[in-house]
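Report on the structure
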Amino acid sequence: MIASVFLLEGAETVRGKTQMRRIENATSRQVTFSKRRNGLLKKALELSVLCDDELAADNRTLQKAYKRYVAKPTEQNMQHLKTEVSNMVKKIELLEASRRKLLGEGLGSCTLQELQQIEQQLQRSEQHQSKKDTSFQGADRAIERKGKLPAV
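Residues numbered from 1 in each chain as written. Predicted model: local features only at pLDDT ≥ 70, side-chain atom pairs only at ≥ 80, totals over all residues. Heavy atoms only, no water.

Some remarks on the overall build of the protein chain
A tally of helices and strands in the protein chain yields five helices and zero strands. Shown N-terminal to C-terminal, the secondary structure of the protein chain runs as helices and strands in the order α-α-α-α-α. Excluding contacts between residues fewer than 6 apart, the proportion of contacts in the protein chain whose partners are at least 24 apart in sequence is 0%. Total accessible area on the protein chain stands at roughly 14,400 Å², and carbon and sulfur atoms take up 57% of it. (Helix = DSSP H or I, 4+ residues; strand = E, 2+ residues; numbered from the N terminus. Contact = heavy atoms within 4.5 Å. Areas by Shrake-Rupley, 256 points an atom, 1.4 Å probe, with all protein chains shown as cover.)

Have a look at this one:
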């Protein structure tokens with residue numbers, strides 16, 4: 001009688017440690033597998049968020065993650081990373097130069113063909129922006145007709 005009262009008052013029951021052996025019942029085995037797999041995937045997703053990395057959901061991705069975080073870097077890997085960094089720096093420099101030209105900076109050194117390409121790119125950009133503006137204006141008018149947005 002005392003034990004049952006004690007349990008009713010909110011005593012916690014402790015779940016026993018599960019023995020690691022094959023589950024004989026096929027249905028129970030499938031349910032356990034599914035629950036544990038989902039738990040592992042949830043933990044893998046949490047780890048990927050915490051470490052700002054991709055989700056390691058298959059064996060190949062797990063091996064890549066292991067090599068990236070645990071395996072000692074080899075000279076070949078270091079050389080590959082240096083090459084990759086160098087290529088990215090070059091791409092950034094090209095993009096920055098292109099951005100400056102689109103903003104009208106440093107056009108004195110451009111050839112006529114480069115200037116024509118810049119002009120065409122700006123025209124395409126302007127057309128795209130014009131289409132977006134028209135689309136937004138149409139949406140605004142539709143909302144105004146419904147009476148949800150005060151006229152500007």
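As for the pattern of salt bridges
Scanning the model with the defined rule gives one salt bridge in all. Residues R22 and E24 are paired through a salt bridge, measuring 3.6 Å at the closest nitrogen-oxygen approach. According to the relative accessible area criterion, R22 is exposed, its value standing at 52%. Here E24 falls in the exposed class, since its relative accessible area comes to 60%. (Salt bridge = Lys/Arg side-chain N within 4 Å of Asp/Glu carboxyl O. Buried < 20%, exposed > 50% of the residue type's maximum accessible area, 1.4 Å probe, protein only.)

As for helix α5 (residues 112–146)
Taking 1.5 Å of rise per residue, 35 residues should cover 51 Å, and α5 covers 51 Å from first to last C-alpha, within 8% of that figure. Of the residues flanking the end of α5, it is G147, one or two places downstream, whose phi is positive at about 80°. (Expected span 1.5 Å × (residues − 1).)

Quick notes on the confidence of the model for the protein chain
Per-residue confidence for the protein chain gives a mean pLDDT of 77; residues scoring 70 or more make up 74%. When mean pLDDT is taken per element in the protein chain, helix α4 (residues 75–102) scores highest with 87 and helix α1 (residues 2–8) scores lowest with 44. A low-confidence stretch, residues 1–8 stays under pLDDT 50, and its non-local contacts, those more than four residues away or across chains, total two contacts. (pLDDT = per-residue confidence, 0-100.)

With respect to the environment of K101
Relative to the helices and strands, K101 is located in helix α4. The spacing of K101 and E114 is 13 residues in sequence and 9.7 Å in space, taken between C-alpha atoms. Here K101 is in contact with L107, C110, E114 and I118, once residues within four sequence places are set aside.

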